[in-house]
Amino acid sequence: MNPLLLLLAIAIGIAIGATVGAVIFRAKRSPATNARQLAESEAARLRTAAQAEIATLRKTAEIDARDQALKHKAALEEDLSKRKEELATKEAALAAKLRDAERQRKDAERKEADLKGKERSLEGRQKQAEAAVAKAEEAQKQAKERLEQVAGLSADQAKAALEQALRGEAQAGVAAELKRIEDEAAKEAHARSRTIIAAAIARYASEFVHERTVSVIPLPSDDLKGRLIGREGRNIRALEAATGIDLIIDDTAEAISISCFNPMRREVARLAISSLVADGRIHPTRIEESVKKAEKEVDKSCKAAGEQACFDLGIHRVHPELVKTLGSLKFRSSYAQNVLHHSIEVAYLAGLMAAELGINVKLARRAGLLHDIGRAIDHEHEGDHGAVGADFARKHNESPRVCQAIRLHHSESSEMGVLEHVIAAANSLSAQRPGARRETLASYVKRLEDLEKLCQSFEGVDRVYALQAGREVRVMVENASLDDAAAMLLAKDIAKSIEQQAAYAGGVRVVVVRETRASDYAR
């Protein structure tokens, strides 16, 4: 039964009972008997109506409760049916999984059995293979012994012969590949390098005059020669001691000569003697004063020359000590070429080539101007002038790029970049152009003899000729002892040996000539 309907029926019954009670109460208070009877009958009627309505409500509630019970039962049955279906689905899936697991287990057992069979088969094959290897080794050993008996060579000798043959083939292959790479590189770089160098040379032309190691001082009269010598030679001794030069006073009319390996000392002596000759007072005290004054003038001249070189090239913020040392190069020469003029020329050429290559022109000019600064102080330090100059420039706050270019301008190193190659090329152009440098006959002949002797020391060389003032070496080899590939490798070895042992400026071309001659007799 529906609880709401039951509560409604109870409430209606309570209301009817209260109404009937009120009617009866009023009837009891009425004096008339009829009124009581009417009230009782009315109450009975209301009670009957209420009971009828309660019965109706009870039936309605029972019907609603039955409908709800049926709906709830239907829902429960539907839910139960769905759960049964899900359970059946899960049971089917579980059964399928069980069947799959059983099948996999059987497959695993079968594979395990197959693997065991294969293992047994492999063990048998391994034993057969070991037996075959042992048999083959024994056969190889017997064959090796028979081969040694037939060939008359031991295993080590045969191995050495095979290695020699393979080494020859490898050298031939290396030589062929090396020639191909060199040809390709030369083909690609030839046109570009010729254009850059030709443009640099065409855009810059400089004058050059050979310098001497002896200075001649004119005299107003020959009487001054005796005054320069002094009493018992004290004046000439004082001059030579103060300046470090050799004063040559001979029969040359109205002239004396100054000889000194150091050009700066020679210049100081020239200025001092010229001052003494003009003044006329010549004695040891006056000589010392003139020499000191001349040294100051030379230092001033060096500074002015260095500043002028930097100004002409547009190079700024150079340390004063570097400027002074650079100017002192005007009194130094290399193979009779003035080093300051050479440095300025290298700076111009380096700047022109840097512009063609698209790198920093000012940096190239700066490195070119300072590249030989070590020649001014290399007599005071150990090492070649490149390393000495690089250290000197580094101490005076030059950039690492410039210092490295100074250090490597005479070397072929893997550290060299574009700037270093430009400085090296400009240095070679300035030094090797016609008329730039000269050397004594003795040193020239000695250098050629050393080159020829060095090349003659290689095996297979027949004759050696040094050509073009030692810039090229022609090496004639024996045709029977070397083939074409070995000749190429010989050229490389000779060039490397010249780099390590010989003293030369610039580059030396090594040409190995191997000829094939065919001859016959007509009878």
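Quick notes on the rules
Residues numbered from 1 in each chain as written. Predicted model: local features only at pLDDT ≥ 70, side-chain atom pairs only at ≥ 80, totals over all residues. Heavy atoms only, no water. Helix = DSSP H or I, 4+ residues; strand = E, 2+ residues; numbered from the N terminus. Buried < 20%, exposed > 50% of the residue type's maximum accessible area, 1.4 Å probe, protein only. Contact = heavy atoms within 4.5 Å. Areas by Shrake-Rupley, 256 points an atom, 1.4 Å probe, with all protein chains shown as cover. Pairing = 2+ DSSP bridges. Axes fitted to C-alpha atoms, helices over the stretch in contact; angles between N-to-C directions. Core = buried A, V, L, I, M, F, W, Y, C linked by side-chain atoms within 4.5 Å. pLDDT = per-residue confidence, 0-100. Salt bridge = Lys/Arg side-chain N within 4 Å of Asp/Glu carboxyl O.

### Section: the overall build of the chain
Within the chain, the regular secondary structure consists of 15 helices and 8 strands. For the chain, the residues scored as buried account for 30% of the 523 residues in total. Of the contacts formed within the chain by residues at least 6 apart in sequence, a portion of 62% connects residues at least 24 apart. When the accessible area of the chain is evaluated, it comes to approximately 34300 Å², of which 54% is carbon and sulfur surface.

### Observations regarding the sheet that holds strand β7 (residues 472-477)
Ordered in space as β6-β7-β8, the 3 strands form an open sheet in which the pairing is mixed. On the outer flanks of this sheet lie β6 (461-467) and β8 (509-513), each paired with one strand and no other. The mean angle between the axes of side-by-side strands here comes to 20°, regardless of whether they run parallel or antiparallel. Note that β7 and β8 share 5 bridges and pair parallel. Bridging across to β8, V473 finds its partner in V510. Contacts between helix α15 (residues 484-501) and the sheet are confined to β6, β7 and β8, with β8 contributing the most and set at about 150° to the helix.

### A word on the nonpolar core
As a rule of thumb, nonpolar side chains are buried together in soluble globular proteins. In terms of nonpolar packing, the biggest core is built from 40 residues, with L326 and L369 touching the most fellow members. Mapped onto this core, the elements with two or more residues apiece are α7 (284-313), α8 (320-327), α9 (339-357), α10 (361-370), α11 (385-395), α12 (400-407) and α13 (418-432). In terms of residue count, the dominant contributor to this core is α9 (9 residues). What L369 contacts, discounting residues up to four positions off in sequence, is A309, C310, L313, I315, L326, S343, I344 and A347. Of all hydrophobic cores here, the second largest spans 25 residues; its members include L224, L247, I282 and V298.

### Observations concerning the environment of R332
Secondary-structure assignment places R332 in the loop between α8 and β4 (333-334). In this structure, the C-alpha to C-alpha distance between R332 and F261, residues 71 residues apart in sequence, is 9.5 Å.

### Regarding unusual backbone geometry
Trans is the prevailing form of peptide bonds, just as negative phi is the prevailing case for residues other than glycine. Within the chain, R317 stands out as a residue other than glycine whose phi angle is a positive 55°. You can see R317 is positioned in the loop between α7 and α8. Accessibility expressed as a relative area gives 84% for R317, which makes it exposed. In this structure, N397 is a non-glycine residue whose phi angle is positive, near 70°.

### Observations regarding the confidence of the model for the chain
The share of residues in the chain with pLDDT of 70 or more is 82%, and the mean pLDDT across the chain is 79. Segment residues 207-211: pLDDT under 50, and 14 contacts once partners within four positions in sequence are set aside and those in other chains are kept.

### Concerning the pattern of salt bridges
Tallied over the entire structure, the rule returns 16 salt bridges. With a closest N to O distance of 2.2 Å, E42 and R45 form a salt bridge. Residue E42 and its partner R45 are located together in helix α2 (residues 33-151), separated by 3 residues, close to a single helical turn. Given the relative accessible area of 46%, R45 is considered partly exposed. Notably, a salt bridge pairs R394 with D391, separated by 2.8 Å at the nearest N-O pair.

### Some details on the environment of K362
Secondary-structure assignment places K362 in helix α10. Taking relative accessible area as the criterion, K362 reaches 62% and is therefore assigned exposed. The spacing of K362 and I315 is 47 residues in sequence and 7.1 Å in space, taken between C-alpha atoms.

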